[in-house]
Amino acid sequence: MRWRGTLLYIGQRLLLIVFTVLAVSSIVFIGIHRLPGSVFVSERLRASQMQALLHQYGLDRPLWEQYRDFLLGLLHGDLGISYVNQGVRISPLVGREALVSAEVGALALLFTIGLGMLLGVLAAIRQNTWLDYLFTSTAVVGYSMPNFVVATFLLLVFAVFLQRATGGMLYYQIGWTGTFGSLGEISIPAFALGFPYASVVARLTRASMLEVIRQDYIRTARAKGLPEQLVIVRHALRNALIPVITILGPLVIGILTGSVVIENIFGIPGLGKEFVQSILNRDYNIVVGVFTMYAALVGIANLLVDLLYPLVDPRIRY
Amino acid sequence: MGGRPIAITTFIAEPMAQRRAGLWTDAWRRLRRNRLALVAATYLLGLVGVAILAVFWTPYSTTHQGIVLPYQGPTPAHPLGGDSLGRDILSRLMEGAQISLLVGVGTQVVVLALGVPLGLLAGYFRSWLDAALSLLINIFYGVPDLLVALILIVLLGHSGLGQIIFAIAVTRWMDMARLVRGQAMSLREREFVEAARSCGSGTFKILFRHLLPNALGPIIVQATLGIPQAILFEAFLSFLGLGVQPPTPSWGSMAADGVQAIRISPHIVLAPTIALSVTLMAFNFVGDGLRDALDPRQRR
Amino acid sequence: MRFTWRLPRAFCVLGATLLVAAACGGGGGGGAQSQRLASDQTLRFPILGDFTTLDPGRLDAETDAEVAQNLFDGLLKFDDNLKTVPDIAQSLPDVSPDGLTYTFHLRHDVKFWNGDPVTAKDVIYSWNRGAVLQGSYATNLSAIEGYDKVSKYQVSDLGQLETLLENHDPAVSMSGLTAPDGMDGYTVQVKLSSPAGWFLSAIAMSGTTGNIVDYKAIRQDPNNWWQKPDLLVGTGPYRMTSHVVNQSVDFQAVDNWWGSPKPTVKHVHLDIINDASTAIAAYEQGKYDLMGFGGYSNLPLADVLRIKNNPQESKQLLLHPKSRSYWVTFNLVADAKRKAKGPFTMDAPDSKDLRLAFDLAVDKKKLVSVVCQNVLCTPATGGVLTKGLKGYLGDNQDPLSKFDPAQARSLLKKADPDGSKTRGLTYVYDPENPLNKPTAEFLQDQWQTNLGVHVDIQPEAHKQFIPDRLAGNFVLSRDGWQADYDHPQDWFDNLWGSKLGCPDANCSSGYTTPAYDQLLKKADSEPLSQALSDYEKLSRMLIDDVVYIPLYYTVGAFLIKPYVKGAGTNSQFDYYWDGYQILQH
């Protein structure tokens, strides 16, 4: 049965994800404890007071003992408590933030692929016209600037200038309400997140469309008298999609990395915002929690991407 | 790989020199016709010149504060204006070129050093070497690159240029390894390899004198196209406060510092950003040009 | 994108103005801020990081204190003008002639917001708890007899601790705390182990150890009570109603609050936004009513300059000096524990001249004009204690604040003729505060230009920087201090001297001399009026020994919308929320 192979494949990949997550958690756990500095630190805290605090939280126990407790907790899905936000349970916190990041990331991915493919296709069918040059150069520019510059610029344009220009009628409202935000609040950050990668997708789509258009079966379709639109969409696009799927993996990882910057700049309560702060804060458990979540998200995203292949290219099978 | 533009008289292992001459001169000819790539390459050479010049001379000191009015815009005396501490931006931009180029090229050197041997071994020998490498690659792919870079930088101590280059390279070597592996796998089936083996050539000789030169084309393209990513990653690290340490200017850290003043003095962030943009585009164009030139399937 | 069909706000103002203009028959009076109260008394402002804790027994961070001061009260407090006034106590305490016994008479009408009345038992419980938990400010209680013993108690189970505290177990009870009228009475007597002129200032400090907490609430969840709105019980005018970690916090005014002024603002909403510039942009969009409050008054310089230069917005900008000083500290001691050594240690020959050389080579006025644009800080010319505090030496009274490159160079030549001592030096700093990095770069530039000495600058994450500095792992380091209360003891007890633990523990510079210790002990025991001259002598000791390079005193930047009345700040903390009002806008 066709499905058996797929299920087996999914099983293998899930196992790999679990293994990777465990490995990442352990490495980060040990690494962060080895980092110089301590989580309980302040200019006023005397050494004796710090010792008392460490003792209260069990942080003065030998590392292997703490690691053992950590593993036990991890197997129950309990990532422990935060030391910087004292007493806060990490699993629900990181879980909620992961959802937020995934939400923005997914929308960003849609932007990237949608916008990128649109630009690429348009550039391809109007090859070597001014439209082509316009699109390709816009794409390249977006891809070769640091993402924090692009993000800050977009924030200014949509939050500040737009508000002034339309007298407060239409603008992007900075902030995040509730757990999932509102569509207006997600849209601009998602766009900022996806925009740099849209250019990569555009270039790839354009190149592969150009190749596909030259193929014989396209000529046949045209010769049959099919309308141009149908030709493009039904035949050419489907095959041009394949290389895009190839880079989907690195794309997801890029978006995840980019979210660290975007979430900080747009004030979005996701994993990215948590990420750097927790390392700087030496908040051991949160660091481990964030990295664990990241590893899991990346693994699942990669798996989903790989499962997309057979849908687009029936030659691929597991 | 498609057919090579070389005569197929390969039951005898031909001297490498002659074959190489055929491939490379063809490529060079095609490259010369690509105007965009040529312009880009010229720009890059100019940039290298500026970077070298900056070692000996810049219009003003790159660290002396207050020689311009802080946040001052471009003036005839200071064509790019002053940054938030009153330092001359043009001078810092020139010195920053050094860091960006060093990071970009240095990263790729390490990537080559890591990815090429591993890829060759895995692709040529297959068997457990290949499986081990694939597992390693998968694990590295499964871990976000930011994480790896962060841990390395923190573990290796305060981020000097060497640590940053190594940290970035460690997150990028996989693509190169996969590419080289693919090349090795397809090339090992070729006749000239079999011929070489039947002549009694040792393994390393086959790898480095026969396989590698033939795979060199895509490797060079991949390395060139990887430079922009590395430079951008350094900018990202600077934004997080983990890039090159002050007062050494890198375009990334100049942009990170300047982005805060974007509303009152946009030139502070624009100067390094435009420099980055143009340079990265140049690398991209050169890389594309190399790829087109070396790809024998092109009918030009 | 937000389709502000609620945009009618813009139209409303326009429409209302037109109506008013029409009704008044034109003429002046347009645009003046209405004095009527808004119907929606909700205050909104952003903070840049979530709390560490709101438990008074553990509080440390500025944000925590700024919020907690509205949730909890102590026996005394500093009012908005920094005057020590009674809070839960009826009046200032009776002090015995020998200065050892303080008797507090509590008000009879103080209640926690859940209805529990406050009696002597709660005060004694709260203070003992603070002493045991050993938070950063437990030392506020250190003058009390019995503190030394209680502070050494090892806590491993918070639940067990609660039982011990409630039962007044001697292991966790300071012997100096008694209730002459019984635990249900309203009198608390405090006996000190030795006279301490700073005791009242320390316990008046808001939002910290010394504030009164409700054992009936804490015992229900000793580990996490402050996270739960039902259990975060205090005597203040506000209580927490919801907390989404790292996202937002909400507070509600307490009905029938016992104190005064009765809160007008009914609801306070805080959002947590990491990036200061983004928060300012959101404030300008109209999403927030205040900015810089809640402990985040170190706004980015570029934004402050921009707003300052905008005629309309600059009216909303409030710049107020904070009691915070910054200086450069030398490693003055090298021993078995402090391994960093360096050429500045006091036992090294000519080290004082070397320190002085490095000090005089820094142009402090230029520093302030380049790094702070003369807006966010002022030169520290009157000693380590910030201007405005008691113990400030006076403008330009600190000879270490001078800039004299010529003398600096001659001192350097004398102290280090072949340049061997000043090779390979490093100045360490933490990028925590946006001013630290440019300051470090400036210092490096100054030493290079004016002395010809190259000093590396090295950033360290705050959590690593502080323990390293306190352990003496540096040669040159950024240092600073924010006054917790207006009494010089806060500085001299916590920065230098063997009482603190110098040279080997808790001590950045490592500085301590027998003369210093002796004089400090004397000064701490005297009432402030007598002690001031002694504290001044201590300042002079630091100057004579060239213990530091003074840099600047910081200025906090705040943004206040014109329709928020009563909001403001002093040099220590934001005004209490119960005095704010939201006008119609």
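Predicted model only: the values in this text are computed from it and were never measured.

Quick look at the overall build of chain B now. Counting its secondary structure elements, chain B contains 10 helices and zero strands. Mapped from its N terminus to its C terminus, chain B presents α and β elements in the order α-α-α-α-α-α-α-α-α-α. The proportion of buried residues among the 300 residues of chain B is 53%. Here the analysis covers contacts within chain B between residues at least 6 apart in sequence; of these, 71% occur between residues at least 24 apart.

Once that is clear, we can look at the environment of D418 of chain C. All names here are of chain C. Its place among the elements puts D418 in the loop between α12 (405-415) and β15 (425-429). A residue is classified by how much of its surface remains accessible, and D418, at 56% relative accessible area, is exposed. As for D418 and Q572, which are separated by 154 residues in sequence, their C-alpha atoms are 47 Å apart. A distance of 2.9 Å separates a polar atom in the side chain of D418 from a polar atom in the side chain of S420.

All names here are of chain C. Judged by pairing direction, the sheet is mixed, and its four strands sit side by side in the order β2-β11-β10-β9 without closing on themselves. Sheet topology places β2 (42-47) and β9 (238-244) at the edges, where each strand pairs with a single neighbour. Going across the sheet, the axis of each strand differs from the next one's by a mean of 20°, ignoring polarity. Pairing between β9 and strand β10 (residues 248-253): six bridges, direction antiparallel. Paired with M240 across the bridge in β10 is F251.

A word on a nonpolar patch on the surface. A contiguous nonpolar surface patch, about 630 Å² in accessible area, is contributed by V48, I52, L53, V55, F56 and W57 of chain B. Within the secondary structure layout, F56 of chain B lies in helix α2 (residues 35-56).

Contact residues are listed per partner, giving 34 residues for chain A and 34 residues for chain B. Here chain A packs against chain B, burying approximately 3,000 Å² in sum over the two surfaces, 79% of which is carbon and sulfur. Our count for the chain A to chain B interface comes out at zero salt bridges. In this structure, the connection of chain A to chain B is made through zero residue pairs in polar contact (both at pLDDT 80 or more). At the level of elements, α1 (2-34), α5 (130-143), α6 (147-165), α10 (248-266), α11 (271-280) and α12 (284-312) of chain A are the ones that each hand at least two residues to the side of chain A that touches chain B. With seven residues, α6 of chain A is the largest single contributor of residues to the side of chain A that touches chain B.

Now for α6 of chain A. Owing to its 3.6 residues per turn, the α-helix aligns residues three or four sequence positions apart on the same side. Residues and elements named next belong to chain A. The end-to-end C-alpha distance of α6, which contains 19 residues, comes to 25 Å, matching closely the 27 Å that a straight helix rising 1.5 Å per residue would cover. Of all bends in α6, the biggest is about 30°, found at V157. Taken residue by residue, α6 has F148, V149, V150, A151, T152, L154, L155, L156, F158, A159, V160 and Q163 as its buried positions. G167 sits one or two residues past α6 and shows a positive phi near 60°.

What follows deals with the sheet that holds strand β8 (residues 187-191) of chain C. All names here are of chain C. Spatially, the four strands line up as an open sheet ordered β5-β6-β8-β7, and their pairing is antiparallel. Taken across any chain shown, the strands that pair with only one partner, and hence form the sheet edges, are β5 (94-95) and β7 (177-178). Across two bridges, β5 lies against strand β6 (residues 101-105) in antiparallel orientation. Its bridge partner lying in β6, V95 is registered against Y102.

Our next topic: the confidence of the model for chain B. All names here are of chain B. Looking at chain B, pLDDT values average 80 and 85% of them are 70 or higher. Model confidence for chain B, summarised as mean pLDDT per element, is weakest for helix α1 (residues 16-33) at 66 and strongest for α2 at 91. Contacts for the low-pLDDT stretch residues 1-18, under 50 throughout, to residues beyond four places or in other chains number 20 contacts. What the predictor reports for the complex is a pTM of 0.86 with an ipTM of 0.85.

A few words now on the pairing of strand β18 (residues 548-560) of chain C. Residues and elements named next belong to chain C. Across the 13 residues that make up β18, a large majority, 13, are buried. As judged from the two bridges shared by strand β12 (residues 290-291) and β18, these two strands associate in the antiparallel manner. What sits directly across from M291, in β18, is L559. Of the pairings in the sheet, the one linking strand β13 (residues 317-330) to β18 comprises 10 bridges and is antiparallel in character. Residue S325 lies in a different strand from β18, and its bridge partner there is Y553. Inspection of the sheet shows strand β14 (residues 377-379) paired to β18 by three bridges, in the antiparallel sense. In the sheet register, P379 faces β18, and the bridge partner there is Y552.

Criteria and cut-off values
- Residues numbered from 1 in each chain as written.
- Chains lettered and ligands numbered in written order.
- Predicted model: local features only at pLDDT ≥ 70, side-chain atom pairs only at ≥ 80, totals over all residues.
- Heavy atoms only, no water.
- Helix = DSSP H or I, 4+ residues; strand = E, 2+ residues; numbered from the N terminus.
- Buried < 20%, exposed > 50% of the residue type's maximum accessible area, 1.4 Å probe, protein only.
- Contact = heavy atoms within 4.5 Å.
- Polar contact = N/O pair within 3.5 Å; in protein donor to acceptor, adjacent residues only side chain to side chain.
- Pairing = 2+ DSSP bridges.
- Axes fitted to C-alpha atoms, helices over the stretch in contact; angles between N-to-C directions.
- Patch = residues over 30% accessible without salt bridge, like charges linked within 9 Å, V, L, I, M, F, W, Y side chains within 5 Å.
- Areas by Shrake-Rupley, 256 points an atom, 1.4 Å probe, with all protein chains shown as cover.
- Salt bridge = Lys/Arg side-chain N within 4 Å of Asp/Glu carboxyl O.
- Buried area = accessible area lost by both parts, 1.4 Å probe.
- Expected span 1.5 Å × (residues − 1).
- Bend = angle between axes of the 7 residues up to and from the residue.
- pLDDT = per-residue confidence, 0-100.

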